[in-house]
Each structure stands twice: as structure tokens, then as C-alpha cells.
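Residues per chain, in single letters:
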Amino acid sequence: MAPHRSGRPSESERWKKINAAIKLIEAEDWKPVSPGKLDHDLRELEDEFDTEWATDEDKLTLLKEALSEIRAEHYCETGKKPEISKEIVTAGLEMWKFKWQSSEDCFGKCVMYIKFSVIGTGDKGPLWIYSLHPDHPPSQE
């Protein structure tokens, strides 16, 4: 269950979640919350940047690249605590949202967005991936 907090998580908390996500992705312990939604996101990357992300190995590589780029300051719930998931498989978990200017060719060096949930410090998986795509206006989220 998510901890109770009154506002934006501290920089230390944000780094802990990023590091937990990296730890789980390195252990290949991750799952899409909605496989269809993540596949849609990856097709968008393929179409926009003329790449291919079809295999599980491709997806793992892409997620590793994304997680290696995000920093605590990229947390994009400005002034807010993380939203709590209502998805069946992740109900009650905090959803961590990050937006960053990528320097990677696989992301077209554009502004990217990732949303994930992780339990604790990554000792217990999986890393749950909601989305990974170029940043969209809020109405498209």
C-alpha cells in the first residue's frame, strides 16, 4: 500500500523509486499494466522514429534506456503526491510519472514520458509499466 503523504515526494523519495525501477528492469522483472496500451505506445515510437520494438528484448532495451535517462527533477506531478492506481493489477500503488528531454536517438531526442509503479525499493517486483511515449498534451494522457 502507498505511504500517506501530504504533498510532492522529496527528491530522495523520487530517486529511491527511480533506482528501484532500474534495479527491477536490470533483473528483467517487469510487466506492462496493460499490454495493449504499452504496445500502442511502442508502435507510436516505431512510427514516429522509424524504429522497431517488437520483441521482449527490444522492449527491455527501450525501458532500460528510458530509466537510465530520468532524474528526480523530471518528476512531473508538480506540487502533488503521486496518483494512486485504480488498475486491477496495481490497485493502491503509487504511479510515478516522469517527463524528460531525451538525448537518445531511439526516442528521437524528444521530450518523453514514462509512468510506472514499483513496490518499495525494488526488492519485490515486478516493475509495472503503464506507458512510455513522446510527451502528449494532458488531454491525450
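Higher on the page you've got the structure.
What you see is a predicted model; the values in this text were computed from it and never measured. (Residues numbered from 1 in each chain as written. Predicted model: local features only at pLDDT ≥ 70, side-chain atom pairs only at ≥ 80, totals over all residues. Heavy atoms only, no water.)

S.K.: Now, about the overall build of the protein chain: what can you tell me, with residues and values included?
M.R.: The helix and strand inventory of the protein chain stands at three helices and five strands. Helices and strands appear in the protein chain in the N-to-C order α-β-α-α-β-β-β-β. Here the protein chain has a C-alpha radius of gyration of 14 Å; the compact-globule value for 141 residues is 14 Å, and the two agree. With the C-alpha coordinates aligned to their principal axes, the bounding extent of the protein chain is approximately 40 × 25 × 25 Å. Expressed as a percentage of its 141 residues, the buried residues of the protein chain come to 47%. Surface exposure of the protein chain reaches about 7,600 Å², of which carbon and sulfur atoms provide 49%. (Helix = DSSP H or I, 4+ residues; strand = E, 2+ residues; numbered from the N terminus. Rg over C-alpha atoms; globule rule 2.2 N^0.38 Å. Buried < 20%, exposed > 50% of the residue type's maximum accessible area, 1.4 Å probe, protein only. Areas by Shrake-Rupley, 256 points an atom, 1.4 Å probe, with all protein chains shown as cover.)

S.K.: So, the sheet that holds strand β3 (residues 94-101): which residues are in play, and what are the values?
M.R.: Read across the sheet, five strands follow the order β1-β5-β4-β3-β2 without closing on themselves; strand pairing throughout is mixed. Each end of this open sheet is capped by a strand with a single partner; those strands are β1 (30-32) and β2 (83-84). Across six bridges, β3 lies against strand β4 (residues 111-119) in antiparallel orientation. Bridge pairing in β4 links Lys 99 to Tyr 113. Seen against the sheet, helix α1 (residues 11-26) touches β1, β3, β4 and β5 (124-134) and runs at an angle of roughly 85° to β4. Sitting on the sheet, helix α3 (residues 56-69) is in contact with β1, β3, β4 and β5, with an inclination near 85° to β5. (Pairing = 2+ DSSP bridges. Contact = heavy atoms within 4.5 Å. Axes fitted to C-alpha atoms, helices over the stretch in contact; angles between N-to-C directions.)

S.K.: Tell me what's going on with the environment of Glu 11, and back it up with residues and numbers.
M.R.: Among the structural elements, Glu 11 can be located in helix α1. As for Glu 11 and Arg 71, which are separated by 60 residues in sequence, their C-alpha atoms are 9.4 Å apart.

S.K.: I'd like to hear about the packing of aromatic side chains, residue by residue, with values.
M.R.: According to the stated counting rule, one finds four aromatic pairs in the structure shown. Between Tyr 75 and Trp 96, the aromatic rings sit 5.6 Å apart at their centres with planes inclined by 55°, giving tilted as the arrangement. With Tyr 75 in the loop between α3 and β2 and Trp 96 in strand β3, this residue pair connects regions lying 21 residues apart in the sequence. Trp 96 carries the same exposure label as Tyr 75, and that label is buried. Members of the aromatic cluster, each reached through a chain of ring pairs, are Tyr 75, Trp 96, Phe 98 and Phe 116. (Phe/Tyr/Trp six-rings, centres within 6.5 Å; stacked < 30°, edge-to-face > 60°.)

S.K.: Can you lay out α3 for me, pointing to particular residues and giving the numbers?
M.R.: With 14 residues, α3 extends 20 Å between its outermost C-alpha atoms, agreeing within 8% with the 20 Å of an ideal straight helix rising 1.5 Å per residue. When α3 is considered as a whole, its buried residues turn out to be Lys 59, Leu 60, Leu 62, Leu 63, Ala 66, Leu 67 and Glu 69. Looking at the buried side of α3, the elements it contacts are α1, β1, α2 (35-49), β3, β4 and β5. (Expected span 1.5 Å × (residues − 1).)

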